[in-house]
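Observations on chain architecture
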Amino acid sequence: MSDLVSLSDVRFSYPGPGAFSLRIDSLSIARAEHVACVGPSGSGKTTLIHLIAGILVPESGEVRLGRHRISHLGNGHRRALRAREIGMVFQEFELLEYLSSLDNILLPFFVSGGLRATAEIRRRARDLADRLGVAHTLPRRPRRLSQGERQRIAIARALLGSPSLLMCDEPTGNLDPHTADTTLDLLFDQARAHDAAVLMVTHNHAILDRFDRVVDVTSLARLEPVR
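Report on the accompanying structure. Worth saying up front: this structure is predicted, and the values here are computed from it rather than measured. (Residues numbered from 1 in each chain as written. Predicted model: local features only at pLDDT ≥ 70, side-chain atom pairs only at ≥ 80, totals over all residues. Heavy atoms only, no water.)

A short note on the pattern of salt bridges
In plain terms, the rule: Here a salt bridge means any side-chain nitrogen of Lys or Arg lying within 4 Å of a carboxyl oxygen belonging to Asp or Glu. The numbering of helices and of strands both runs from the N terminus, where a helix is a DSSP run of H or I of at least 4 residues and a strand a run of E of at least 2.
Applying the stated criterion across every chain, the model contains eight salt bridges. One salt bridge connects Glu97 with Arg150, and the closest N-O pair in it is separated by 3.1 Å. Residue Glu97 is found in the loop between β6 (86–89) and α3 (101–111), and its partner Arg150 is found in helix α5 (residues 147–160); the two are separated by 53 residues along the sequence. Arg192 is the salt-bridge partner of Asp189, the closest N and O atoms lying 2.9 Å from each other. Note that Asp189 and Arg192 are positioned in helix α6 (residues 177–193) at a spacing of three residues, about one turn of the helix. In the salt-bridge network here, residues are joined through shared partners; they are Glu62, Arg64 and Arg69.

Below you can see the structure in the form of structure tokens.
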């Protein structure tokens with residue numbers, strides 16, 4: 001399999017007093033490969049997926065998604081590429097309080113000029129919500145949802161566009177064991193159906209056997225104080 005994601009000689013620093021820089025010499029993820037990312041809190045897991053998504057831009061080095069050098073694109077191009085190619089489940093869900101749950105699922109199709117919320121896309125959004133057990137929440141605003149419901153709305157949004165890369169930051173952390181298993185089944189089924197790669201940050205070592213590979217970020221990345 002060819003690489004979908006590759007990072008080489010990447011360095012990123014957070015600003016401010018007591019800040020740290022993150023160094024990643026090399027990382028690659030093949031097309032359709034499912035990778036778990038583990039490590040203690042504060043070790044750089046979320047920073048890693050934000051660099052791959054182009055939410056953060058490295059000071060040096062290269063981040064690639066397929067043929068695109070994400071680290072060398074401008075803000076608008078990174079945003080458009082993210083909408084087309086990447087499904088993200090953020091740790092804090094990033095739902096917009098003034099939108100209904102349905103419109104939060106459809107959000108990437110509202111903000112990207114290259115995507116359209118067609119009738120078929122709207123049917124898919126409702127189907128994903130139904131399969132995740134949150135169809136009853138679609139008219140509601142996020143403030144009226146439980147943490148677990150908010151999380152599943154965020155997962156439906158990530159799956160909606162059939163992305164080539166799914167990146168999830170603790171996607172089942174607020175779910176009971178049965179709902180977590182059902183959600184992971186759907187996530188992996190959708191990834192396999194579309195030959196999507198998966199990079200999932202997790203502290204749940206009980207699910208690691210579901211992945212092709214486990215990456216420990218403490219052996220992958222180096223955190224150093226900013227001088």
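After that view of the structure, there is still more to cover.
Here's the deal with the sheet that holds strand β8 (residues 197–201)
Selection rule: Following DSSP output, two strands are said to pair if at least two bridges run between them. Lines fitted to the C-alpha atoms define the axes, with helices restricted to the stretch that makes contact. Angles between their N-to-C directions range from 0 to 180 degrees. Residue contacts follow a heavy-atom distance rule, with two residues in contact if any of their heavy atoms lie within 4.5 Å.
Spatially, five strands are ordered β6-β7-β8-β3-β9 in an open sheet, and the strand pairing comes out parallel. Since the sheet does not close on itself, it has two edges, and those belong to β6 and β9 (213–216), each with one partner. The mean angle between the axes of side-by-side strands here comes to 15°, regardless of whether they run parallel or antiparallel. Pairing of strand β7 (residues 165–169) with β8, which is carried by five bridges, proceeds in the parallel orientation. Counterpart to Leu166 in the pairing with β8 is Val198. Packed onto the sheet, helix α2 (residues 75–85) meets β6 and β7 and runs at close to 85° relative to β6.

Regarding the packing of α5 against α6
Geometry of a packed helix pair, given as the angle between the helix axes and the separation of the axes. We count it as follows: Reported orientations rely on four angle classes, namely roughly parallel under 35 degrees, roughly antiparallel over 145, roughly perpendicular from 65 to 115, and oblique for the rest.
For the pair α5 and α6, interaxial distance at closest approach is 11 Å and the crossing angle is 5°. Here α6 runs roughly parallel to α5, going by the angle between their axes. Each of Arg152, Ile155 and Leu159 in α5 lies in contact with α6, whose residues at this interface are Thr179, Thr183, Leu186, Leu187 and Gln190.

So, the packing of aromatic side chains
What describes a pair of aromatic rings is the distance from one ring centre to the other and the angle between the planes of the rings. Here is the rule: We call Phe, Tyr and Trp rings a pair once their centres come within 6.5 Å, taking the six-membered ring for Trp, and we label the pair stacked below 30 degrees between planes, edge-to-face above 60, and tilted otherwise. Residue burial is assigned from relative accessible area. The probe radius is 1.4 Å, only protein chains are included, and a residue is buried under 20% of its type maximum, exposed over 50%, and partly exposed in between.
Evaluation of the coordinates by the stated rule reveals two aromatic pairs. Ring plane angle 80° and centroid distance 5.3 Å describe the contact between Phe188 and Phe211, whose orientation is recorded as edge-to-face. Here Phe188, found in helix α6, pairs with Phe211, found in the loop between β8 and β9; they are 23 residues apart in sequence, far enough to count as distant. Each member of the pair, Phe188 as well as Phe211, is classed as buried.

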